[in-house]
Amino acid sequence: MTSRTNDATIRAGRVRALKSHLRAEVVRQGSVPLTVAAPAADDPPRGGIIVVQDARGITPYLMSVCDRLADAGWLTVAPHLYHREGIDEVDPTDGWPQAIPTMDRLTGEGIDTDVDAALAHLDAVGFDPSQRAILGFCMGGTVALHTATRYELPAAVSFYGGGVSTSAWPGVPALAEAAVQLRGPWLGLYGEQDQLISHDEIAALRAAAGRSGQATELISYPDAGHAFHSDDRDSVYRPAAAADAWSRTLTFLDNRVRPR
């Protein structure tokens, strides 16, 4: 118990330290609210990254991810996919059970509109197509791959994106079908103990991405399950897998996205 408490304290301290020298604000692109996090004003961002929420919404965890990316020099834009429900995130006291029906009410059309609003914001602040990427967690990982079939992005990263063999939402093809149509480099990060995504689905997604003709890689972690990067949930967080996946993500972005 002491170890968990210490870990949580360290993580909270890290987030506070990052936020002390970053800029964050909520803006609107049309009707879509976007949370934007950027490096300090005297540290121009190197590129723009769309960060797509997990099923819980725009949570403190998601903001901590945006802060870490901004601390590494990236401007991040997180579209609020639940804005049509009138919320930013599901009630934290209800957690995952409440997230499922809210997530299920999304549609491909609405998701595409919201991601396009984030892309429009990156356009408006001066990032050209070679300086933009997308990164997502859980349902956001699904959105990241889907978006990378719609646009020629230099980098897309999916942390345990579901809907692999069956479509997650109307208008969004199953990932094993969509991955063949990738239009740019893609990195997938999955846990082999994931109760929502089977070994066979991971293998099928890896094979489909490999047939796209793009530079793709799917890494699977034997000792990790779904949401292994969520360091706000001790029950699922796997520090070793999370650290390796994050390191690979930063390297992938560094290598693929052209600096501003």
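Thresholds applied
- Residues numbered from 1 in each chain as written.
- Predicted model: local features only at pLDDT ≥ 70, side-chain atom pairs only at ≥ 80, totals over all residues.
- Heavy atoms only, no water.
- Helix = DSSP H or I, 4+ residues; strand = E, 2+ residues; numbered from the N terminus.
- Rg over C-alpha atoms; globule rule 2.2 N^0.38 Å.
- Buried < 20%, exposed > 50% of the residue type's maximum accessible area, 1.4 Å probe, protein only.
- Contact = heavy atoms within 4.5 Å.
- Areas by Shrake-Rupley, 256 points an atom, 1.4 Å probe, with all protein chains shown as cover.
- Lys, Arg positive; Asp, Glu negative; His and termini not counted.
- Charge placed at Lys NZ, Arg CZ, Asp CG, Glu CD.
- Phe/Tyr/Trp six-rings, centres within 6.5 Å; stacked < 30°, edge-to-face > 60°.
- Lys NZ or Arg CZ within 6 Å of the ring centre and 35° of its normal.
- Pairing = 2+ DSSP bridges.
- Right-handed = clockwise from strand over helix to strand, strands pointing away.
- Expected span 1.5 Å × (residues − 1).
- Salt bridge = Lys/Arg side-chain N within 4 Å of Asp/Glu carboxyl O.

(A) Looking closely at the overall build of the protein chain. Along the protein chain, the regular secondary structure elements total eight helices and eight strands. For the protein chain, the C-alpha radius of gyration of 17 Å lies close to 18 Å, the compact-globule estimate for 260 residues. Each principal axis of the C-alpha distribution contributes one length, and for the protein chain these read about 45 × 45 × 35 Å. Looking at the protein chain as a whole, 53% of its 260 residues are labelled buried. Within the protein chain, contacts between residues at least 6 apart in sequence are counted, and of these 73% link residues at least 24 apart. In the form shown here, the protein chain has an accessible surface area of approximately 11000 Å², with 51% of it arising from carbon and sulfur atoms. Positive and negative side-chain charges of the protein chain, numbering 23 and 32 respectively, have mean locations separated by a distance of 3 Å.

(B) Quick peek at the packing of aromatic side chains. The full count for this structure, using the stated rule, is six aromatic pairs. Ring geometry for Tyr-61 and Phe-137: centres 5.8 Å apart, planes at 75°, overall edge-to-face. A residue pair is termed long-range when its members are at least 10 positions apart, and Tyr-61 in helix 2 (residues 60–71) and Phe-137 in strand 5 (residues 132–137) qualify at 76 residues. We note that Tyr-61, like Phe-137, is buried. Put simply, the rings of Tyr-61, Phe-137, Phe-159, Tyr-160, Tyr-221 and Phe-228 touch in pairs and so form one group of aromatic residues. Over the aromatic face of Trp-246 sits the side chain of Arg-68, whose NZ or CZ is 4.5 Å from the ring centroid.

(C) Structural context of the pairing of strand 8 (residues 216–221). Both strand 7 (residues 186–191) and strand 8 contribute to a ladder of six bridges, which runs parallel. Note that in strand 8 the partner of Leu-187 across the bridge is Glu-217. For the segment spanning strand 7, helix 7 (residues 199–210) and strand 8, crossover handedness is right-handed.

(D) Inspection of helix 2 at higher detail. Along its twelve residues, helix 2 runs 16 Å from first to last C-alpha, staying within 8% of the 16 Å computed at 1.5 Å per residue. Within the sequence span of helix 2, burial applies to Tyr-61, Leu-62, Met-63, Ser-64, Val-65, Cys-66, Asp-67, Arg-68, Leu-69 and Ala-70.

(E) A look at the pattern of salt bridges. Summed over all chains, the structure comprises eleven salt bridges. Here Asp-254 ties to Arg-46 by a salt bridge, and the two come within 3.0 Å at their closest N and O atoms. Of this pair, Asp-254 sits in helix 8 (residues 239–256) while Arg-46 sits in the loop between strand 2 (32–38) and strand 3 (47–52), and the two are 208 residues apart along the sequence. Among the residues examined, Asp-254 registers a relative accessible area of 37% and is labelled partly exposed. Overall, the relative accessible area of 23% leaves Arg-46 in the partly exposed class. Between Glu-152 and Arg-183 there is a salt bridge whose closest N-O contact spans 3.4 Å. With Glu-152 in the loop between helix 5 (139–150) and strand 6 (156–159) and Arg-183 in the loop between helix 6 (175–178) and strand 7, this residue pair connects regions lying 31 residues apart in the sequence. For Glu-152, a relative accessible area of 56% puts it in the exposed group. One salt-bridge network, in which partners are shared between bridges, spans Asp-54, Arg-56 and Asp-232.

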